[in-house]
Amino acid sequence: MPKTKSWRSRIVEHAAVDPATLLANPKNWRTHPAAQAAAVGDALTQVGWVTSVVVNKRTGHILDGHLRVKSAVDRGEPTVPVVYVELSEEEEEIVLLSLDPLAAMAVTDQERLSELLAGVTAQGEALAAVLQSMEPAPVAVIKPHRCPAVALLSEDPAQRYD
């Protein structure tokens, strides 16, 4: 098998940054409803930061984490974790377009999801609602029964109700 070139790391820096100084990407095509903002706030309150905001060092634009930054500004958080990447404007657009859709392509293993959900307690109402909505819906079981309308149409007298 021929040796392929390794993927290059575009990460150039990690920092704790005042969220009010970060620039929303003017090409960001994602919006965040109030329920999502509340759930993100609940998750940050319960667990804290587990992933950094991604910012392009060349343009100063946020690539990932717009809602987390807005939540931090609204709450008055002094800093947020940032990972800086070095990308051209075209590469920035590719990342902006693809991060969320690529993650959304993952499929759910219902059994593992149910096990994971069973062991978790959310402390905030909005986060609890999101987790509850992830539970698989119960499957309705329709029991066969005799239907008079069908029986009346039957040619067989033994199948009729009249």
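Residues numbered from 1 in each chain as written. Predicted model: local features only at pLDDT ≥ 70, side-chain atom pairs only at ≥ 80, totals over all residues. Heavy atoms only, no water.

Enquirer: How would you summarise the pairing of strand β4 (residues 80-85) if you had to cite specific residues and measurements?
Expert: Among the six residues of β4, five are classified as buried, and the element is accordingly described as predominantly covered. In terms of strand pairing, strand β1 (residues 11-17) meets β4 through six bridges, oriented antiparallel. Its bridge partner lying in β4, Ile 11 is registered against Val 85. Two strands pair when backbone bridges link them, and strand β2 (residues 53-56) and β4 are joined in this way by four bridges, in the parallel orientation. Note on β4: the bridge partner recorded for Asn 56 is Val 85. (Buried < 20%, exposed > 50% of the residue type's maximum accessible area, 1.4 Å probe, protein only. Helix = DSSP H or I, 4+ residues; strand = E, 2+ residues; numbered from the N terminus. Pairing = 2+ DSSP bridges.)

Enquirer: Lay out the pattern of salt bridges with the relevant residues and their values.
Expert: The tally for this structure, following the rule as stated, stands at ten salt bridges. The partner of Arg 8 in a salt bridge is Glu 91, and the shortest N-O contact between them spans 3.4 Å. Of this pair, Arg 8 sits in the segment before β1 while Glu 91 sits in helix α3 (residues 89-104), placing them 83 residues apart in sequence. Residue Arg 8 is classed as exposed on the basis of its relative accessible area of 59%. Asp 109 is paired through a salt bridge with Arg 112; the nearest N and O atoms lie 3.9 Å apart. (Salt bridge = Lys/Arg side-chain N within 4 Å of Asp/Glu carboxyl O.)

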